[in-house]
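Structure assessment
Each chain is listed here by its residues.
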Amino acid sequence: MSRFTRLQKLLLALIAVLLAFALFTNGKGSTIKSIVYDPLVMLKYSVLDYPIETLQNFISDFNDLWQVKQENDALRQQLAESDQLSAMIENLQRENAELKELLGTDVAAQYEKVNARIISRNPEVYNNQITINVGSADNVALDNAVVSAYGLVGKITEVNEHTSRVRLLTSQDQLSMVSVQIHVSDTEVVNGYLEQYDLEKGAFIVRLYTNTDQIKIDQNVTTSGAGGVFPSGILVGSVMQIEEMRNENGRIVYVTPAADFSSFEYVSVYCEVQP
Amino acid sequence: MILQVLFIAAAFLVDEIIGGLLPHSFMPGDVVITSCLGLSALVLMQRKMERIDSLLITIIFGLLYDYFAAHTFLVCTIVFVIINLAVSQWQKHITESMLESCLLVFTTIFVKEFLVYFIMTLLSETLMPFDMWLVSRASLTLLLNGVLVVIIVWASRMIEDIMLMREKKIRKEETISWWKISSKR
């Protein structure tokens, strides 16, 4: 006589299938994961999360209606100024490309911004990862920088055809190192490495391996572009506190994040476009 | 069994809905509130199942939760299985009164939060100190679930009543073919 009933055998078979599926798709870049994961995440988002978000947004939009006109005027002013800034940036980029060509250096890859929406997040586990609704079909690739409206928030760690996983900079698994530069003046920067996020101070830890007195509070910190992973110039935060390193030559700089990690719905991905 | 599984699945779905309505933050030190109705339903339903059936159902729900909700590999499965084994030992010593059921579920939620924190710390996914975990994660989660526990216990009792009514109905419709009774042959 069998030790297990028919139902138990069925359940065991189902467990074996699920376990094999989880093991098989645990590696990155699996085709099956891409085929199965994308539609299921989208289904969950469209059936559960999107209606709830819509309801929440409707309620908050209704509450914000009274402030709309004032915000509208202020934003119109900013928009007018942004055209000028945009023109200046284009001009500088053109000059930069021409000068690099003259010097015979390789022209750095250009980047395009792909807008995305967060479709899955689970704060219950501590891995600080989110899923967004763009993938390889939208030219997203591994290690692309992900930004919110205010600054850098993370990088792409897994790409499927229509979705991608993002590891946030606030992860504490120390796999989110970023090369950064601190703008000590209009023409000078100091390079360092953003290593991890400090829970107690609520700031990024940046290590500088030079002893410099030029770093001051509130100076901007941006990505340096070193290593070719992230484009340069993405705002990371501002200097909050400076400490000497013990037993080592250099400084530890605590950087207040520019991005508001308490809540964001939309992000942009810097995707590389080869010239 | 099917009714119990559907009840557990519905509880997990309600968890997702409540999770969407609750405020959420990506800042590691911020307050996080998670709804644990699914696990509560699992713990309450397993008391009426065979031990091995409940373990298998727990593993299946753990694997599904790992893959589709938590996006981790076996973390939630391990936590659910540990809780299943602990509850199956503990339930021999408690009755099925409302208060004890609520206490059982409430304690289970605390143990689950602690186990997840412990595993995440072991895996170096988080460096959160224990006191911060207590304040930012455990306290409000237990507070919210302390209210929801009453609802889920009441719902589980309704499910048990439905199952009991069904069994009674089946027994009522049973007829005995007296000529097949072995003592009469």
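Use the structure listed above.
Details of the packing of helix α1 (residues 2-21) of chain B against helix α2 (residues 37-46) of chain B
Residues and elements named next belong to chain B.
- With their axes 7 Å apart at the nearest point, α1 and α2 run at an angle of 160° to one another. Here α1 is positioned roughly antiparallel relative to α2, judged by the angle of their axes. By crossing handedness, the relation of α1 to α2 is classed as right-handed. Each of Q4, F7, I8, A11, F12, V14, D15 and I18 in α1 lies in contact with α2, whose residues at this interface are L37, G38, L39, A41, L42 and M45.
- Considering only residue class, the contact of α1 with α2 consists of 11 nonpolar, two polar and one charged.

Comments concerning the packing of helix α4 (residues 75-90) of chain B against helix α5 (residues 98-122) of chain B
Residues and elements named next belong to chain B.
- Between α4 and α5, whose axes approach to 10 Å, the crossing angle comes to 145°. The handedness of the crossing between α4 and α5 is right-handed. Facing α4, whose interface residues are V75, I78, V79, I82, I83, V87 and W90, α5 presents L104, T107, T108, V111, K112, L115, V116, I119 and M120.
- Of the residues assigned to the contact of α4 with α5, the class counts are 13 nonpolar, two polar and one charged.

What about the interface of chain B and chain A?
- Counting from both sides, the interface comprises 45 residues of chain B and, opposite them, 47 residues of chain A.
- Approximately 4,400 Å² of surface area, both sides summed, lies buried where chain B meets chain A, with 68% of it carried by carbon and sulfur atoms.
- Area buried by chain B at its contact with chain A is led by F26, Y67 and H71 of chain B, which between them contribute 19% of it.
- Summed over the shared surface of chain B and chain A, the result is zero salt bridges.
- Run the count over chain B and chain A and you get one residue pair in polar contact (both at pLDDT 80 or more).
- When contributions to the side of chain B that touches chain A are tallied by element, the ones reaching two or more residues are α1, α3 (51-70), α5 and α6 (130-173) of chain B.
- For the side of chain B that touches chain A, the element with the highest residue contribution is α3 of chain B, accounting for 13 residues.
- Here the residues of the side of chain B that touches chain A are counted per class, giving 30 nonpolar, nine polar and six charged.

Cut-offs and rules
Residues numbered from 1 in each chain as written. Chains lettered and ligands numbered in written order. Predicted model: local features only at pLDDT ≥ 70, side-chain atom pairs only at ≥ 80, totals over all residues. Heavy atoms only, no water. Axes fitted to C-alpha atoms, helices over the stretch in contact; angles between N-to-C directions. Helix = DSSP H or I, 4+ residues; strand = E, 2+ residues; numbered from the N terminus. Parallel < 35°, antiparallel > 145°, perpendicular 65-115°, else oblique. Left-handed = near helix turned anticlockwise from the far one by under 90°. Contact = heavy atoms within 4.5 Å. Nonpolar A, V, L, I, M, F, W, Y, C, P; charged D, E, K, R; others polar. Buried area = accessible area lost by both parts, 1.4 Å probe. Salt bridge = Lys/Arg side-chain N within 4 Å of Asp/Glu carboxyl O. Polar contact = N/O pair within 3.5 Å; in protein donor to acceptor, adjacent residues only side chain to side chain.

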